[in-house]
Amino acid sequence: MDHTALPALPDDAVVLRARARDWRDAVEISGRALAASGATDAGYAVDMVRMIEEHGPYVVVAPGLALAHARPGPAVHRDGLAIVTLADPVPFGHPYNDPVRVVLALAGASSARHLQLVAEIANIFNDSDAVASLADAATADEVRGILGVGA
Amino acid sequence: MKILTLCGAGIGTSGILKVNAERVLQRLGVDARVVAIDASMLESELDDAQVILTGPEFVDAIGQTFADVIVVENYFDTAELQRKLEVALG
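About the cut-offs
- Residues numbered from 1 in each chain as written.
- Chains lettered and ligands numbered in written order.
- Predicted model: local features only at pLDDT ≥ 70, side-chain atom pairs only at ≥ 80, totals over all residues.
- Heavy atoms only, no water.
- UniProt positions renumbered as here; feature names shortened; annotations may be inferred.
- pLDDT = per-residue confidence, 0-100.
- Helix = DSSP H or I, 4+ residues; strand = E, 2+ residues; numbered from the N terminus.
- Phe/Tyr/Trp six-rings, centres within 6.5 Å; stacked < 30°, edge-to-face > 60°.
- Buried < 20%, exposed > 50% of the residue type's maximum accessible area, 1.4 Å probe, protein only.

As named in an unreviewed UniProt entry, chain B is PTS EIIB type-2 domain-containing protein, taken from Homoserinibacter gongjuensis.

Under the annotation held in an unreviewed UniProt entry, chain A carries the name Ascorbate-specific PTS system EIIA component and is attributed to Homoserinibacter gongjuensis. In the Function (unreviewed entry) part of its UniProt record, chain A is described as follows: "The phosphoenolpyruvate-dependent sugar phosphotransferase system (sugar PTS), a major carbohydrate active transport system, catalyzes the phosphorylation of incoming sugar substrates concomitantly with their translocation across the cell membrane. The enzyme II UlaABC PTS system is involved in ascorbate transport." Under the heading Subcellular location (unreviewed entry), UniProt records this for chain A: "Cytoplasm".

Shown next as structure tokens:
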């Protein structure tokens, strides 16, 4: 399926089989990927970590999947998406959905855009196989194919 | 009917709950307005809400309410959402 409303996912925004020490490290890796793609500056990773520190591991929205994000702000240059898969799954402290195998980092240029992007993402992950497919993806092209986005 | 979806920023996971709740409500033939909010908007939005959909972390933030609070485990599992909404809407 083609999800044209989602931003492109350049190679810089995909990190496969990353080794993360803990949830914070995993989120920071996804933040570096977002910054590398040009969607955000480095400070957005700090904002994403802070969201989880403040509100808990609620971003683990489905078994194995963390949807890391923060509010739109000066750190966001444009809509952006990054995918990090973890070589070894990492616990986030979520009561039902730990451990995390895939971190999807999301940045929206505005709150309205952010809501549109999560709606598109919901369409992808309502297919319950999507997390496992992403976790097992061997190439960035494979990841783009699962998400239905371009480079 | 008004249904709230609650999360940390009101733009992320509550947005997922909103689209999936709208999908389920349409399937159930229930006419409802679904509003995605963060905790700071609770006070102003809570009054006329009948159902609140959220994750386990936010239940304490809601406090006393007449609304049915539904704790969602898998935000992408519309079957779970439908089951829990059907119970709440009786």
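**Student:** What's the story with the confidence of the model for chain B in this structure? I'm lost.
**Tutor:** Predicted coordinates in areas of low pLDDT are best not read in detail. Taken as a whole, chain B shows an average pLDDT of 94; of its residues, 100% reach a score of 70 or greater. Element-level pLDDT for chain B is lowest in helix α3 (residues 59-62) of chain B, with a mean of 90, against a maximum mean of 97 in strand β3 (residues 51-54) of chain B.

**Student:** Please clarify how the packing of aromatic side chains should be interpreted in this entry.
**Tutor:** The description of an aromatic ring pair rests on the distance of the ring centres and on the angle between the ring planes. Evaluated as defined, the whole model comprises three aromatic pairs over all chains. A ring pair is formed by A:Trp23 and A:Phe92, whose centres lie 6.0 Å apart and whose planes are at 45°; its orientation type is tilted. Taken together, the residues span a long stretch of sequence, with A:Trp23 in helix α1 (residues 23-36) and A:Phe92 in the loop between β4 (80-90) and β5 (100-107) at a distance of 69 residues. For the pair A:Trp23 and A:Phe92, one class covers both residues: buried. Judged by centre distance (5.3 Å) and plane angle (35°), the rings of A:Phe125 and B:Phe76 are tilted. Of this pair, A:Phe125 sits in helix α3 (residues 111-125) while B:Phe76 sits in the loop between β4 (68-71) and α4 (78-89), which puts the two residues in different chains.

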